[in-house]
Amino acid sequence: MSRTIYRNARVFTAEPAGSGSGPWAEAFVVDGDVLAYVGELEGAVAAAGDGADVVDLDGRLVLPGFTDAHTHLVMMGDALGRVPLTDARTLDEIQARLRSARAADPTAPRVLGRGWLFDSVPGAPTAAMIDAAVADVPVFLDANDYHSCWVNSAALADLGITRETPDPIGGRIGRDADGEPDGMLYETAAQQFVWEHLANLTTDADRDAAVERTIDAYLATGVTGVVDMAFDELGLAAFQRAIDRRDGSLPIRVAAHWFVANTGDADANLAQVEHAARLAAETAAAPTAPWLRIVGIKLVLDGVIDACTAAMRHPYADGSNAEPIWPLDALKPVVAAADAAGLQVAQHAIGDYASDIALDAIEHAVEVNGDLPRRHRIEHLEYAAPGTAERMSRLGVTASMQPVHADPAIFDNWVAMLGDERVDRAFAWPEFVDAGALLAFSTDAPTAPHEALHNMYVAATRRSALDPSFEPSLPGFALPLAEAIGHATRDAAASCGDGDTRGRLAAGLAADFAVLDVDPFAEGEASLLTARVIRTVVAGATVFAVAEADADADGVAA
Ligand SMILES: [Zn+2]
């Protein structure tokens, strides 16, 4: 008998009121890898039958496992191994951390850092600022949003970047008044110079270690499913090796969108879509499909507001604006081809001009392909113009948004770049719900911390999880905690096509759930910053648990 009854729990099911058990239950039964019953104790006892194992949860809160609906798995694991700079709030502190990282590993061939904020650097970042701390080896520092990279002079030399080097399509090499590279690489310049360079130096063993760091970090925070938003050959191979190490499974469910770059050549763009469609068919047919699937493609239409690279209908405060990385005429055939192939299309659109053309391209696909099952999505939507949410609802397009990107501690520069009444509509989550669009929450790790409960804190309060002393930003857009969790569990699973199989706690669905040590519904939202996940279960199996002595519960009786 493989049935287990979990009792004496406060179970938040994420079910709508009036369906199934409703949003709350006190017990549930796991049969193998699925839930056999969720509801009252009496019903659970009857459903479990004789001889079931019993787990008494000591009144603790149980949530459906979180799905991080937009993340970058290998990058996250890589970032977890780098010098962290997000909470270094002055140039002095950034330099101090780089000096001590160099001192701690004096034979390292380079120094890698991540997560620095524009707000922490006076004026524009320069190579000389890093040279002042570390000059003898190349230093590469990814910005917190991963849309630019700040490097030192040794790195510029290593990359072969000189005043003669042209800017790539969709990117820019920062230059000083004399035209010399200044140490900043924006958008595709960061991708094509730095990331490709570092990727060439990275081994499979490095990537395997990164994958394991990511899996461990997610399971420890109650995340049971993830959607990677820029999968490539190296990421796919790394996850296939992770599956091989475990004889055919993973302890977390991975869905992935294949990254399709704008090559400037229509045929080459379509070839990438065909390749993604082949991989989607292969991964869906494989016995490992519950653990690893390619579900769609990812297109990056614009940059970010912080660097004035997001494409806006109206210019930034300084009069500048950005061209979309995918102009509409190049975008349309790619979206239509993916739509026809049954792939989900995820379009990164932070500015309102970018979300306009993302929806234009989807409308075009509907026109040429007719009625098909489809669930496309737009990523970020940090500033969406009035009417966008309604248009998305009409087209069945998911709003994929990241509460942690609205953290007030990283908001000042965002506000300054737009500089007008548009800032009053920043990250307007409730607008998408009210319009009837599916709203899926995620963290976009490693551009923001991956912890699901911190993400829920920002979602439910619009306060800062990085520095709670900040005033909340636009608190009218905060969501009640139960709704926030629903968007990060039920709706996040639905965003990748799993709405009928997991993401809620209901009979017949996957037994994927997390147990917390405190109950933020009872203790208040502030407790989300200190609450810990003490047990994570995926497909009925406990894949993470804190030591018995720490948990002081989880009594198992016959
Ligand atoms: Zn992303």
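Residues numbered from 1 in each chain as written. Predicted model: local features only at pLDDT ≥ 70, side-chain atom pairs only at ≥ 80, totals over all residues. Heavy atoms only, no water.

As recorded by an unreviewed UniProt entry, the chain carries the name Amidohydrolase and is attributed to Agromyces allii.

Student: Summarise the overall build of the chain; cite the residues concerned and give the values.
Tutor: In terms of helices and strands, the chain carries 19 helices and 25 strands. The C-alpha atoms of the chain give 23 Å as radius of gyration, which agrees with the globular expectation for 558 residues (24 Å, within 12%). Judged by the C-alpha coordinates and their principal axes, the chain covers about 80 × 60 × 45 Å. When burial is assessed residue by residue, the chain has 57% of its 558 residues classed as buried. (Helix = DSSP H or I, 4+ residues; strand = E, 2+ residues; numbered from the N terminus. Rg over C-alpha atoms; globule rule 2.2 N^0.38 Å. Buried < 20%, exposed > 50% of the residue type's maximum accessible area, 1.4 Å probe, protein only.)

Student: Lay out the coordination of the zinc ion with the relevant residues and their values.
Tutor: Looking at the metal site, the zinc ion is ligated by His70 (NE2), His72 (NE2) and Asp444 (OD), spaced 2.0 to 2.2 Å from it. Here the donor residues of the zinc ion are spaced in sequence according to H-x1-H-x371-D. Highlighted residues: histidine 72 in the loop between strand 8 (66–71) and helix 2 (73–79) and aspartate 444 in the loop between strand 21 (439–441) and helix 15 (452–461), separated in sequence by 372 residues. With respect to burial, histidine 72 and aspartate 444 carry one shared label: buried. (Donors = N, O, S within 2.8 Å, 3.2 Å for Na, K, Ca; no water.)

Student: If you had to explain the pattern of salt bridges to someone new, which residues and values would you point to?
Tutor: One pass over the structure, following the stated rule, counts 28 salt bridges. For the salt bridge of arginine 163 with glutamate 180, the shortest nitrogen-to-oxygen distance reads 2.8 Å. Placement of the pair is arginine 163 in the loop between helix 5 (153–159) and strand 13 (171–175) and glutamate 180 in the loop between strand 13 and strand 14 (181–187), with a sequence separation of 17 residues. According to the relative accessible area criterion, glutamate 180 is partly exposed, its value standing at 33%. A salt bridge links aspartate 208 to arginine 241, with the nearest nitrogen and oxygen atoms 2.9 Å apart. With aspartate 208 in helix 7 (residues 204–219) and arginine 241 in helix 8 (residues 233–245), this pair connects stretches of sequence that are 33 residues apart. The class for aspartate 208 is buried, based on a relative accessible area of 16%. Salt bridges sharing partners connect three or more residues here, namely Asp204, Arg207, Asp208, Glu212, Arg241, Arg245 and Arg246. (Salt bridge = Lys/Arg side-chain N within 4 Å of Asp/Glu carboxyl O.)

Student: Run through the UniProt feature "domain: Amidohydrolase" (unreviewed entry) in the chain, naming residues and quoting values.
Tutor: Mapped onto the present numbering, the UniProt feature "domain: Amidohydrolase" (unreviewed entry) falls at residues 53–544. End C-alpha to end C-alpha, residues 53–544 measures 19 Å, and it is 36% helix and 20% strand. (UniProt positions renumbered as here; feature names shortened; annotations may be inferred.)

Student: So what about the sheet that holds strand 17 (residues 292–300)? Which residues, and what values?
Tutor: Picture the strands of a sheet paired through backbone hydrogen bonds; they go either parallel or antiparallel. Strand order in the open sheet made by the eight strands is 8-15-16-17-18-19-20-21, with parallel pairing throughout. Looking at the sheet topology across the chains shown, the edges are occupied by strand 8 and strand 21. Across the sheet, the axes of successive neighbouring strands diverge by a mean angle of 25 degrees, strand direction being ignored. Together, strand 16 (253–259) and strand 17 form the strand contacts of helix 9 (residues 266–285), whose direction differs from that of strand 17 by roughly 160 degrees. The sheet strands contacting helix 10 (residues 328–340) are strand 17 and strand 18 (344–349), and the helix crosses strand 17 at an angle near 165 degrees. (Pairing = 2+ DSSP bridges. Axes fitted to C-alpha atoms, helices over the stretch in contact; angles between N-to-C directions. Contact = heavy atoms within 4.5 Å.)

Student: Help me get a handle on the pairing of strand 4 (residues 27–31), residues and values and all.
Tutor: Taking burial as the measure, the five residues of strand 4 include four buried ones, the bulk of the element. Pairing of strand 1 (residues 3–7) with strand 4, which is carried by four bridges, proceeds in the antiparallel orientation. Directly across from arginine 3, in strand 4, lies its bridge partner aspartate 31. Two elements, strand 4 and strand 5 (residues 34–39), share five bridges in a ladder whose sense is antiparallel. When the sheet's bridge partners are listed, phenylalanine 28 is paired in strand 5 with valine 38. Linking strand 4 to strand 5, which pair antiparallel, is a turn of two residues; within it glycine 32 sits at a positive phi near 65 degrees.

Student: Break down the side chain of threonine 13 for me, citing the residues and quoting the values.
Tutor: Assignment of secondary structure puts threonine 13 in the loop between strand 2 (10–12) and strand 3 (24–25). Judged by relative accessible area, which is 0%, threonine 13 ranks as buried. Apart from residues no more than four positions distant in its own chain, threonine 13 is found in contact with Ser21, Gly22, Pro23, Trp24, Ala25, Val38, Pro64, Arg504 and Leu505.

Student: Could you give an account of the sheet that holds strand 3, naming the residues involved and the relevant values?
Tutor: Strands sit in the order 3-2-7-22-23-24 across an open sheet of six strands; the sheet is mixed. Where the open sheet ends on each side, the last strands, each with one partner, are strand 3 and strand 24 (541–545). Where strand 23 (residues 533–538) lies against strand 24, four bridges are found, and the strand directions are antiparallel. Bridge assignment links arginine 535 to a residue of strand 24, and that residue is alanine 545.

Student: With reference to specific residues and values, describe the nonpolar core.
Tutor: Counting 129 residues, the largest nonpolar core has Trp150, Phe239, Ile297, Leu299, Phe441 and Met456 as its most contacted members. Residue assignment places this core across two domains, with domain 1 (3–65 + 509–551) and domain 2 (82–201) each supplying three or more. The contacts of methionine 456, once residues within four sequence positions are left out, are Phe66, Phe441, Leu481, Ala484, Ile485, Ala488 and Leu528. Core analysis: the second largest hydrophobic core is formed by 18 residues, Ala9, Phe28, Leu505 and Val537 among them. (Core = buried A, V, L, I, M, F, W, Y, C linked by side-chain atoms within 4.5 Å. Domains from an automatic or database assignment.)

Student: Just give me the short version of the packing of aromatic side chains, but keep the residues and values in it.
Tutor: Applying the stated criterion across every chain, the model contains 14 aromatic pairs. Where tyrosine 6 meets phenylalanine 28, the ring centres are 4.9 Å apart and the plane angle is 5 degrees; that geometry is what we call stacked. On the criterion of sequence distance, the pair formed by tyrosine 6 in strand 1 and phenylalanine 28 in strand 4 is long-range, its members being 22 residues apart. A relative accessible area of 2% places phenylalanine 28 in the buried class. (Phe/Tyr/Trp six-rings, centres within 6.5 Å; stacked < 30°, edge-to-face > 60°.)

Student: Please give an account of the packing of helix 7 against helix 8 that cites residues and values.
Tutor: Packed helix pairs are characterised by how far apart their axes lie and by the angle those axes make with each other. As a packed pair, helix 7 and helix 8 sit with axes 10 Å apart at the nearest point and diverge in direction by 70 degrees. Viewed along their axes, helix 7 and helix 8 adopt a mutual orientation that is roughly perpendicular. Between helix 7 and helix 8 lies a crossing of right-handed hand. Facing helix 7, whose interface residues are Asp204, Arg207, Asp208, Val211, Glu212 and Ile215, helix 8 presents Leu234, Ala238, Phe239, Arg241, Ala242 and Arg245. For the contact of helix 7 with helix 8, a count of residues per class yields six nonpolar, no polar and six charged. (Parallel < 35°, antiparallel > 145°, perpendicular 65-115°, else oblique. Left-handed = near helix turned anticlockwise from the far one by under 90°. Nonpolar A, V, L, I, M, F, W, Y, C, P; charged D, E, K, R; others polar.)

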